[in-house]
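One letter stands for each residue in the lines below.
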Amino acid sequence: MSAAPSSPSFSTCDFCDVHKGDMSGAFRVLPPVFHSYGGVAAFAGPVSTVKCHEDNTQVKAAVESPGAGRVLVVDGGGSLRRALVGGNLAAAAARNGWAGVVVDGCVRDVAELKAAAVGLCALALMPLPTERRGEGQRDVAVQIQGVWVRPGDWLYADADGIVVSAQPLVV
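Residues numbered from 1 in each chain as written. Predicted model: local features only at pLDDT ≥ 70, side-chain atom pairs only at ≥ 80, totals over all residues. Heavy atoms only, no water.

A. Quick peek at the nonpolar core. One finds Leu72, Val85 and Val103 to be the most contacted residues of the largest nonpolar core, which totals 24 residues. Breaking this core down by element, the ones donating at least two residues are helix 2 (57–63), strand 4 (71–75), strand 5 (83–85), helix 3 (87–95), strand 6 (100–107) and strand 7 (119–125). With 5 residues, the single largest contributor to this core is helix 3. Not counting chain neighbours up to four residues away, the residues in contact with Val103 comprise Phe34, Val74, Leu84, Val85, Leu120, Cys121, Ala122 and Leu123. Membership of the second largest hydrophobic core comes to 18 residues, among which are Val71, Val102, Val149 and Val164. (Core = buried A, V, L, I, M, F, W, Y, C linked by side-chain atoms within 4.5 Å. Buried < 20%, exposed > 50% of the residue type's maximum accessible area, 1.4 Å probe, protein only. Helix = DSSP H or I, 4+ residues; strand = E, 2+ residues; numbered from the N terminus. Contact = heavy atoms within 4.5 Å.)

Spelled out as structure tokens, the structure:
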């Protein structure tokens, strides 16, 4: 069992000020459509990904494995029909050392999500769970709301937004 992660001291606004002229594609900002549902408001770490559609089999496998301070980015295709993460998976992510989870889709069990010591951002709440069909892919490049996110990128999330960088950013 790992200790609760400490809140990182960084500002996505400061990162944007420094990198606003970056046209290389190494620095990216996710659209402002995500809401914070987890017990940790600001989180950061290297990215691991899952690509799935209304089937959280690979999400479950990921959060039940050692997170080592990483951020799981879930490409749920923006579906608002099923929740890809709920209280049990958020608790597993916290227990296994994930810094955070970003879901391009829905989550559920809002009280349990807030109680989990992990960052969690998603599009919306949806009480309906997924059907587990064993589908999905892990650690592939994904498009989140039109922005490419790759395994090994660095993701930073705080109350102002979510940014992704090809390299760790200086705080």
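Now, onward.
B. Examining the packing of aromatic side chains more closely. Throughout the structure, instances matching the rule amount to 4 aromatic pairs. An angle of 80° between the planes, with centres 5.4 Å apart, marks the rings of Phe10 and Tyr156 as edge-to-face. Here Phe10 is found in the segment before helix 1 (12–19), whereas its partner Tyr156 is found in strand 11 (residues 154–158), with 146 residues between them in sequence. Grouping residues by exposure puts Phe10 and Tyr156 together as buried. For the ring pair Phe15 and Tyr156, a centre distance of 4.9 Å and an interplane angle of 65° mean the geometry is edge-to-face. Pair noted here: Phe15 is in helix 1 and Tyr156 is in strand 11, with a separation of 141 residues, a long-range link. Judged by its relative accessible area of 5%, Phe15 is buried. Among the aromatic residues, those joined into a ring-pair cluster are Phe10, Phe15, Trp154 and Tyr156. (Phe/Tyr/Trp six-rings, centres within 6.5 Å; stacked < 30°, edge-to-face > 60°.)

C. Summary view of helix 3. For helix 3, the set of buried residues is Gly87, Leu89, Ala90, Ala92, Ala93 and Ala94. Looking at the packing, one finds that the buried side of helix 3 touches helix 2, strand 5, strand 6 and helix 4 (110–115). Positioned one or two residues after helix 3, Gly97 has a phi angle of 85°, which is positive.

Geometric descriptors of this kind do not, in isolation, establish any biological role.
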